[in-house]
Amino acid sequence: MTDSKIESKWQKRWQENKIFQSNPDNREKLFLTVAYPYPSGAMHVGHGRTYTVPDVYARYKRMQGYNVLFPMGWHVTGAPVIGIAKRIGRRDPWTLEIYQNVHKVPKDELEKFTDPHYIVKYFSEEYRNVMTRLGYSIDWRREFTTIDPHYQKFITWQFEKLNKKGLVRRGAHPVKYCPDDENPVGDHDLLEGEGVAINELTLIKFKIGENYLVAATFRPETLFGATNIWINPDEEYVKVKMDEEEWIISNKAYHNLLNQKKNLEMVEGIDAPSLIGQYAENPVTGKKHIILPASFVDPDYATGVVYSVPAHAPADYIALLDLKKDAETLDQYNIKDEVEKMRPIGLISLKGFGEHPAAEMVEKMGVKDQNDPNLKEATNEMYKLEHAKGVMEKHITDYAGLKVPQARDTIKEHLLKTDKGDIMHEFAEKPVICRCGTECVVKILDNQWFLKYSDEEWTQKTLNCLESMNTVPVEIRSNFKYYLNWLHDWACARRIGLGTPLPWDLQWLIEPLSDSTIYMGYYTIAPYLKDIDPEEMDEEFLDHIFLDKKTSKTNIPSGMKEEFNYWYPLDWRLSAKDLVGNHLSFHLFHHSAIYPQEKWPQGVVVFGMGLMEGHKMSSSKGNIVLLEDAIKIHGADVVRLFLMSSAEPWQDFDWREKEVIGTKKRLEWFMGFAEMVDELHGSQIQLNECIVSPDVSKSINSWMISQVNQRIRDATQALEGFQTRKALQEALFLFKKDIDHYLHRVDHELKEGNGKEEINQVLSYVLGIWIRLMAPFTPHACEELWERHGGRGFASEAPWPEHDVDLIDEKVHKSEEIIQGLVDDIREIEKITKTRPEKIHAYLAPQWKWKVFEIAREVGKPDIGRIMGQAIKENIHDDKKELAGYAQKIAREMTKIHYVGHVDEKKILDDAVDYIARETGAEVIIYHEPTYDPKNKARNALPYKPALYIE
């Protein structure tokens, strides 16, 4: 590992020499950004993975000669720090515990956390410090926060543009809402429930006497298959007045619906058990359905009333089966006869399933009862299948033959038009908890401001933007398409929090996701703004900079517009995959609306989640490792190395302490390799003298040079696709394996001094390549090695190694494979026979067998007839029987063997005969012609696989 002194030394030198300060010049540029952090807590190793990926890529491209811009800012808009400050102010024990013991804030500092601005200041400084300690190649001149006055002018400009284009509207809409803050909340404002969607449900009014028992459903088309209604008799139910009707729903549903329905009033409590056994009328079929008890009904979800469709809903089917077995409950409510005769009613035809698909799905997934964890999956799978492929049965009058989505929309429309249904909204998952600690609700907000992501023309333009850009991984493109088409209008303003006022309605603040869509452009001009009065940054000023419009202004700094045009468009945007449905999609929407096509984003990379010892990381649950602690314990380079090698960026990664320690040993080996090469060399190697591949005569030295160039090629290709794990596999783990093998192969020569000079040249060449290949991943260690060995300038600015195609020799690889294969075969025979050989006789394939191989390669597939025909035509071998047997054999073997053409096996094995003898402890004799073959083994010899006889 690198010690902290070495890391500090290089961080200081990078800073003093300003090597990461990026200015426009005549080089090809690369501009990449990663989602700027919300500094409301300490950085943990999950953040480390997020910010190390772009740094590795930035360092790699810089070494390739690109002018790279990698900037950073701080996202502080919204209510999160307000909520934290409130909880600290009221001495909330849980919050104090988290900030003292998880985020490790000293007590004297925590006292100041009642000021939200101080929280932002404290953690943004902490973030910057940790990012510096991890060696990030950030241009810190461009740093800003989203409440800086200059940035707020930039956001004001953006929203005025959107408003003028008719892409902002005012109206009513369901939003996530914190009752305590009396404010809509976004994902950044939440402790729990990030990414949770708001679903629309249809309310179904089942008439019961003069009242309505109101159930909620995603699937109103299934009303034709209803058999009963479920309520939970152990929970509170109430009668409420809705306009002129009286509804029966759960008490918790009433409190939720108060946020969505204006004319809702409490009437009285209801004795829930007394409802069991009563009947309510289906508003579509007119049938009467019995009300039955079910403990699975959650009173906090929707209305606390569920109608049952056991033919198509696995949860209803299994609940009905459980109830039929529950004699005590059946007797308690006197419902035994009704329940026993109840049967599922099929209404949707689905290919591959019978009349009652739910029963088949329950059986297929092995669901045992209502508590079985597979039940949720069975329900989701059934829903998806019927939604995608289901068709209404012929006996469903008026809707027969309709696809399920069509039937659903038509029936819902009928229910609303005839006043037999209504609409409500509910979270897809619960709980959703604000950072102030309050459980959120879905609220219909009037006079709210929305971005019109539902606008068809805007959506199409954004889809065109997506079409013109790269996505990593490629599969995420379909997610983008789904969300771009699916996104509804987005509530873009809040009443409280930090942020920029909506320019035409100052009582509203622009919410956090809406002010972080095109901020990448702001990085390009940030260094110019220090001496500019924010009030000067009006529409004309910013139109000139960002849209190339003419201006009469004389106060715009020289070079500002040119700098934006140099860096834009953004080449790569990196962010979490769970933000595809909002943040990243908004990024595309806003760029397509404001900028001309040539300034649209060029690429997006998404990240997976972070785990710790197999469990999801969560600051609120204390399940994190702070980056600062990880750096202290392991060193910055080890942390970087582990984070990049454990998984590809878009995959979930798991921080496991034992594996981190294992990674540390790999880095120590890498550092130690340089010392070993110096020792072998007899003095310290000067890397500037070892840039070019040496001329070598021995096959094993050619093999090592070939392997090096192959690793360069494959690591480079992996990094181009952001495959940091694969790149490290090539650049470190497989490279180390190659070096281990090489050192083992030449060990005897090094000890005897035979051929030592050529080996030293190879190892010096390898070291120079290896340091540069590893520099993006472990920059501190590589700078130290580079300096010690006389490398020019910084390793961070050294040229990235380029592979030489002519040095990657498949025949050299195959030669080494033959040698190792022979050693492995001898060991295997020793193992089977349990004997130690004294003599090993190796027989090489005769020339005619090589010719048959060539024919087989030309034929291109295992066609024995064609191989035989061609071989006979060319008169390759006199013995037709032996030829036929061999042709059959290689027709089978050809698919397994990577054939690279003829190699001189005699020379290869003669050169390696001493090595094979040392490895096997026996005398080795190589035969081109079988002059001694008492057991007739030579006939088994194949190209690349000599036959063996052991004495």
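Anything mentioned here points back to the structure above.
Residues numbered from 1 in each chain as written. Predicted model: local features only at pLDDT ≥ 70, side-chain atom pairs only at ≥ 80, totals over all residues. Heavy atoms only, no water.

A. Seen up close, the overall build of the chain. Each helix and strand counted, the chain has 33 helices and 32 strands in total. Taken across its 951 residues, the chain has 57% of its residues classed as buried. For the chain, the distance from the average position of its 121 positive side-chain charges to the average position of its 149 negative side-chain charges is 2 Å. (Helix = DSSP H or I, 4+ residues; strand = E, 2+ residues; numbered from the N terminus. Buried < 20%, exposed > 50% of the residue type's maximum accessible area, 1.4 Å probe, protein only. Lys, Arg positive; Asp, Glu negative; His and termini not counted. Charge placed at Lys NZ, Arg CZ, Asp CG, Glu CD.)

B. Examining helix α15 (residues 404-417) more closely. Helix length check: α15 (14 residues) gives 20 Å between terminal C-alpha atoms against 20 Å at 1.5 Å per residue, within 8%. Listed in full, the buried residues belonging to α15 are Val 404, Ala 407, Arg 408, Ile 411 and Leu 415. Along the axis of α15, the buried residues cluster in a sector spanning 100 degrees; they form a single face. Along its buried surface, α15 packs onto β6 (198-208), β15 (348-349), α14 (374-389), β16 (391-392) and β17 (421-427). (Expected span 1.5 Å × (residues − 1). Arc of directions from axis to C-beta. Contact = heavy atoms within 4.5 Å.)

C. Inspection of the pattern of salt bridges at higher detail. With the rule as written, the count across this model stands at 61 salt bridges. With a shortest N-O distance of 3.9 Å, Glu 413 and Lys 417 are connected by a salt bridge. Within this pair, Glu 413 and its partner Lys 417 are both found in helix α15, separated by four residues, close to a single helical turn. Classification of Glu 413 as partly exposed rests on a relative accessible area of 47%. By sharing partners, the salt bridges in this structure join Lys 9, Arg 13, Glu 784, Glu 787 and Arg 788 into a single network. (Salt bridge = Lys/Arg side-chain N within 4 Å of Asp/Glu carboxyl O.)

D. Inspection of the state of the cysteines at higher detail. With the rule as written, the count across this model stands at zero disulfides. No disulfide involves Cys 492; its sulfur sits 19 Å from that of Cys 440, the nearest cysteine. (Disulfide = S-S within 2.5 Å.)

E. Representation of the packing of helix α16 (residues 456-467) against helix α17 (residues 476-486) within the structure. Contact geometry for α16 and α17: axes closest at 10 Å, N-to-C directions at 170 degrees. With respect to each other, α16 and α17 are oriented roughly antiparallel. In this structure, α16 uses Thr 459, Thr 462, Leu 463, Leu 466 and Glu 467 to contact α17, whose residues at the interface are Arg 477, Phe 480, Lys 481, Leu 484 and Asn 485. Residue composition of the contact of α16 with α17, by class: four nonpolar, three polar and three charged. (Axes fitted to C-alpha atoms, helices over the stretch in contact; angles between N-to-C directions. Parallel < 35°, antiparallel > 145°, perpendicular 65-115°, else oblique. Nonpolar A, V, L, I, M, F, W, Y, C, P; charged D, E, K, R; others polar.)

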